[in-house]
Amino acid sequence: MSLTDYLLEAQERQLKELLELLKIPSISSSSKHQADMEQAAKYLADNLKAAGLSAEIMETNGHPIVYGEYNLHPDATTVLVYGHYDVQPPDPLELWDSPPFEPVVKDGVIIARGASDDKGQVFVHIKGAEALLATTGKLPVNLKFLIEGEEEIGSPSLSAFIKKNRKLLAADIVVISDGAMLAPETPTITYGLKGLAYIEVQVRSAAMDLHSGAFGGGVPNSINGLASMIAKLHDEQGRVAVPGFYDDVMEISTAEREAFTRVSFDEKDFATEIGVSATPGEAGYSLLERLWARPTLDVNGIGGGFQGEGAKTVIAAKAMAKISCRLVPNQDPDDISEKLGRYLKEIAPAGLEVTVKDLHGGQPAITPLESPAVQAAAKALRTVYGKEVIFARTGGTIPVVSDFQRLLDADVVLIGLGLETDRIHSPNEKFDLINYYRGVRVSAELLGALANGN
Ligand SMILES: [Zn+2]
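Residues numbered from 1 in each chain as written. Predicted model: local features only at pLDDT ≥ 70, side-chain atom pairs only at ≥ 80, totals over all residues.

Asks: Which residues make up the sheet that holds strand 13 (residues 318-327), and what values go with them?
Replies: With antiparallel pairing, 4 strands are arranged side by side in an open sheet as 11-13-9-14. In the strand order of this sheet, the two ends are held by strand 11 (296-304) and strand 14 (353-362), each with one partner. Strand-to-strand twist of the sheet, defined as the mean angle between neighbouring strand axes without regard to direction, takes the value 15 degrees. In the sheet, strand 9 (residues 195-204) pairs with strand 14 via 9 bridges, with the strands oriented antiparallel. (Pairing = 2+ DSSP bridges. Helix = DSSP H or I, 4+ residues; strand = E, 2+ residues; numbered from the N terminus. Axes fitted to C-alpha atoms, helices over the stretch in contact; angles between N-to-C directions.)

Asks: If you had to explain the domain arrangement of the protein to someone new, which residues and values would you point to?
Replies: Looking at the assigned domains, one finds that the protein contains domain 1 (3-193 + 364-450) and domain 2 (195-249 + 295-361). Using only C-alpha atoms to locate each centre, domain 1 and domain 2 end up separated by 41 Å. With 5 residues of domain 1 in contact, the opposing surface of domain 2 contributes 7 residues. (Domains from an automatic or database assignment. Contact = placed C-beta atoms within 7 Å.)

Asks: Give me the environment of Gly351: which residues, what numbers.
Replies: Relative to the helices and strands, Gly351 is located in the loop between helix 11 (333-347) and strand 14. Judged by local crowding, Gly351 falls into the partly exposed class, with 14 C-beta atoms found within 10 Å. Spatially, the C-alpha atom of Gly351 lies 33 Å from that of Pro280, the residues being 71 residues apart in sequence. Apart from residues no more than four positions distant in its own chain, Gly351 is found in contact with Ser205 and Pro220. (Buried ≥ 20, exposed ≤ 12 C-beta atoms within 10 Å, placed from the backbone.)

Asks: Lay out the packing of helix 1 (residues 3-22) against helix 3 (residues 119-136) in plain terms, naming residues and giving numbers.
Replies: Direction vectors running N to C along helix 1 and helix 3 enclose 145 degrees, while the axes themselves pass 10 Å from each other. Crossing of helix 1 against helix 3: the hand is right-handed. Between helix 1 and helix 3, the contacting residues are Leu3, Tyr6, Leu7, Ala10, Gln14, Leu18, Leu21 and Leu22 on the first element and Lys119, Gly120, Phe123, Lys127, Ala131, Ala134 and Thr135 on the second. Grouping the amino acids of the contact of helix 1 with helix 3 by side-chain chemistry returns 10 nonpolar, 3 polar and 2 charged. (Left-handed = near helix turned anticlockwise from the far one by under 90°. Nonpolar A, V, L, I, M, F, W, Y, C, P; charged D, E, K, R; others polar.)

Asks: Account for the packing of helix 12 (residues 372-385) against helix 14 (residues 433-450), naming residues and giving values.
Replies: Put simply, helix 12 and helix 14 touch, their axes get as near as 8 Å, and they point 135 degrees apart. In terms of axis orientation, helix 12 runs oblique to helix 14. With respect to the hand of their crossing, helix 12 and helix 14 are arranged in right-handed fashion. Two secondary-structure elements touch here, helix 12 through Ala376, Ala377, Lys379, Ala380, Leu381, Thr383 and Val384 and helix 14 through Arg438, Arg441, Val442, Glu445, Leu446, Ala449 and Leu450. When its residues are assigned to classes, the contact of helix 12 with helix 14 shows 9 nonpolar, 1 polar and 4 charged. (Parallel < 35°, antiparallel > 145°, perpendicular 65-115°, else oblique.)

Asks: So what's going on with unusual backbone geometry? Which residues, and what values?
Replies: Omega for the bond connecting Asp91 with Pro92 falls within 30 degrees of zero, at -5 degrees, which places this linkage in the cis form. Note on placement: Pro92 falls in the loop between strand 3 (78-84) and strand 4 (104-106). In this structure, the amide linkage connecting Asp117 to the following residue, Asp118, adopts the cis form with an omega of 0 degrees. Structurally, Asp118 can be placed in the loop between strand 5 (109-111) and helix 3. Phi is positive for Ser155, close to 50 degrees, though the residue is something other than glycine. Relative to the elements of secondary structure, Ser155 occurs in the loop between strand 6 (142-148) and helix 4 (158-164). For Ser155, a count of 21 C-beta atoms within 10 Å corresponds to the buried category.

Put into structure tokens, the structure is as follows:
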């Protein structure tokens, strides 16, 4: 039987099976749902087995991880599919048109918590493998599944799990469907993510707040000083002025520049939608290049001095700012935090004591456009959608992606099968039937495209 015939015949059953998964309220943040978490994990393991893979439920310090496996040949390409079976709490319940864990299929969409994020999108890959195994008798690659139950609470157990099970999880390519395409009917591959370096800077200018009449003109002012430091973080060309900030930056390749120009991105619409009247940034780069592929620095918060009603004539002794940098390969969060901290101390006006605290970091990640993983994903999407594929990067940070790259040395491709309008984390979350069915097909085609002939 052909893949097309099989998928047509299996469509209704594959939908029903997803709906069963969506009925399980696997809310990872609430201990009340412990049994539901276990039930969802078991349901996925059973589905993997029914598709023809082996599967087991592996314990962690938190919610269990579902691991599935199909072995073709030790020399064949190994693909690891990552996803998550936990969901966000459905509150506020009164804003749902139907109960969040009683899936409804209406007007071509499935409405339920987790429909798009991420049960529907990870299930696509189980059903794709099932279809390929059923129609060809075997898969053309080694296939592994890692489906966790803690994504919505920040994946506290995942890094340690990957480190501990490096051999088991070893893969050439990691596929993640846990996001959206750029627009409806716009097959999209995301191949690059920014990293993050986040610091807090505190400045102190005196032992106590001082009267601005008695002391003004004769003492340092923490807020004036901090403001002058912040003003020196960018130069007049919109570049980050921290020495060494760009040292390790991977330049945007000619192929990427070219691919970005094919993205239908209207700068005016972008500005109007978010209510900004200008789109300033680093000179020499287009808006999309800056958003996706150039490192940035932003002050995220600032505080100090009198903020109550009316006037208080005071020279504040203390002020603080929170500053984050979004990083691109191959910048390192620790290195950037250190450089930023050192620079702030250097440029502090006389009389200011500067303390810098490192708050948070995340590694950037990229899979080259010309890698077999990206090329195979593009081929699969082109086959199913009959359209050119958009290659995107994003300013966001997904720690698990860099974990897969660093710990498994695998190429990671993100194939978002949902839409921005799927209302993930919100009431009436949905997943379009067409995106589910097409996704299953994309998954099956992808495995074929990734085969290396062994
Ligand atoms: Zn998700």
